[in-house]
Amino acid sequence: MKENPNFTSEQRQALQHVAQELRLVLEHMTTLNGTAEELEAIADQVKALSDAMAPMTGNKTLEHFTLEWGDDLNSPLPMSPITGRYHPVAPPVELSIEGSTLVGTVTLNKVYEGGPGWVHGSWIAAIYDQLLAFAGIFNKTGGPTANLTVDFMKPTPINTPLRFEATIDSVADKKIYMSGRCYCEDQLVTKCEALFIQHSFR
C-alpha cells in the first residue's frame, strides 16, 4: 500500500521517460509506412530494444497500488493502462477534484481509435471504470466494479480534448452507486451508471 522506498525518484523519472517515448512509438505505429526493407529495419531496431530491456525485467519494483497519493491523484495505480504515468498504453487521463466530482481530462489519439476518427468504445468504458473506482477510493468507499453501463449518445472524436466526470450518487451498506459523464467541447457525448462494492484496502 506504500511506495517502494528502494525504487528511487531518479529511477521513477527515468521510467516515466521510457513510457513517454514508447507512447510516441505506439502513435507512430498507427500510421507507419515505408518500404519492406525500411519496415524490416525498424523491426530489427525494436527487437534490439526488447533484447536490451529483457535482462532488467521480471521483478516488479514499481508498486502495483498505493494509498499514498498526496497531491497526485494519478499515483494510486502507477501502471494503470488508463491513468498510469508509467504505462505506455495509458494516455494518461489527468485527474483533479472539483467539489465532490472527480474530473479526468484527456485527448485520445489514433492509438485509441475505433471507427475512422472516433475513439473505440471499449476505451470509453475503461476510462469510466477507472475514474469511478478512483472516485470511490478518494471518498474512502472504494471497491471493485459490480456493474457498469455506458450510453453512447454521440461518437467521441480522437485528437480532441475530453472531460470525464465521476460522482458518487449514493452508498447503501457496501453498495456504491455512481455515475459518469463525458463532454467534448461542452457537448455530452457519453454517460454511464455503475455499481461498486465497497472493500477495505487497509
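Preceding this section is the structure that the text describes.
On a predicted model such as this, the values are computed, not experimentally measured, just so you know.

**What about the sheet that holds strand β4 (residues 161–172)?**
Picture the strands of a sheet paired through backbone hydrogen bonds; they go either parallel or antiparallel.
At step 1: If you trace the 6 strands from one edge of the open sheet to the other, you get β1-β2-β4-β5-β6-β3, paired in antiparallel fashion. Edge positions in the sheet fall to β1 (94–98) and β3 (145–152), since each has one partner strand and no second. The average undirected angle you get between the axes of adjacent strands in this sheet is 20°.

**Observations regarding the layout of surface pockets**
At step 1: When its volume is computed, the largest pocket comes out at roughly 550 Å³.
At step 2: Lining the largest pocket are 17 residues, and of these L15, V18, M53, M56 and T57 sit closest to its centre.
At step 3: Elements with a contribution of two residues or more to the lining of the largest pocket: α1 (9–29) and α2 (36–53).
At step 4: For the lining of the largest pocket, the leading source of residues is α1, giving 4 residues.
At step 5: In terms of residue class, the lining of the largest pocket is made up of 12 nonpolar, 4 polar and 1 charged.
At step 6: The space that makes up the second largest pocket amounts to roughly 270 Å³.
At step 7: Lining the second largest pocket, in full, are L22, V25, L26, H28, M29, L32, L39, I42, A43, V46, L49 and S50.
At step 8: Secondary-structure elements contributing two or more residues to the lining of the second largest pocket are α1 and α2.
At step 9: It is α2 that contributes the most residues to the lining of the second largest pocket, 6 residues altogether.

**Considering the pairing of β1**
At step 1: As paired strands, β1 and strand β2 (residues 101–107) are joined by 5 bridges and run antiparallel to one another. Looking across to β2, one finds that E94 is bridged to T105.
At step 2: Counted between consecutive antiparallel strands, the loop separating β1 from β2 contains 2 residues, among which G99 sits at a positive phi close to 65°.

**Remarks on the environment of G117**
At step 1: Along the chain, G117 turns up in the loop between β2 and α3 (121–138).
At step 2: Each C-alpha atom, one on G117 and one on S179, is 26 Å from the other, the two residues being 62 residues apart in sequence.
At step 3: Setting aside residues no more than four positions away along its own chain, G117 makes contact with T156, P157 and I158.

**Topic: the pairing of β2**
At step 1: When you tally the buried positions in β2, you get 5 out of 7 residues, the bulk of the element.
At step 2: Sheet topology note: the β2/β4 ladder contains 6 bridges and is antiparallel. Bridge pairing in β4 places T105 opposite R163.

**Remarks on the pattern of salt bridges**
At step 1: Tallied over the entire structure, the rule returns 9 salt bridges.
At step 2: Residue R85 is joined to E94 by a salt bridge in which the shortest nitrogen-to-oxygen separation is 2.8 Å.
At step 3: Look at E94 and you get partly exposed, because its relative accessible area is 32%.
At step 4: One salt bridge connects R163 with E98, and the closest N-O pair in it is separated by 2.8 Å. A residue pair is termed long-range when its members are at least 10 positions apart, and R163 in strand β4 and E98 in strand β1 qualify at 65 residues.

**Quick look at the side chain of H87**
At step 1: Inspection of the secondary structure puts H87 in the loop between α2 and β1.
At step 2: Here V89 takes part through its backbone nitrogen, which lies 3.1 Å from a polar atom of the side chain of H87.
At step 3: Discounting residues that sit within four places of it in the chain, H87 has contacts with A19, R23, P78, M79, S80 and P81.

Analysis parameters
- Residues numbered from 1 in each chain as written.
- Predicted model: local features only at pLDDT ≥ 70, side-chain atom pairs only at ≥ 80, totals over all residues.
- Heavy atoms only, no water.
- Pairing = 2+ DSSP bridges.
- Helix = DSSP H or I, 4+ residues; strand = E, 2+ residues; numbered from the N terminus.
- Axes fitted to C-alpha atoms, helices over the stretch in contact; angles between N-to-C directions.
- 1 Å grid on protein atoms, 1.4 Å probe; cavity = no way out; pocket = protein on both sides within 12 Å on 5 of 7 lines; lining within 4 Å.
- Points joined across faces, edges and corners; volume = space filled by probe spheres on them.
- Nonpolar A, V, L, I, M, F, W, Y, C, P; charged D, E, K, R; others polar.
- Contact = heavy atoms within 4.5 Å.
- Buried < 20%, exposed > 50% of the residue type's maximum accessible area, 1.4 Å probe, protein only.
- Salt bridge = Lys/Arg side-chain N within 4 Å of Asp/Glu carboxyl O.
- Polar contact = N/O pair within 3.5 Å; in protein donor to acceptor, adjacent residues only side chain to side chain.

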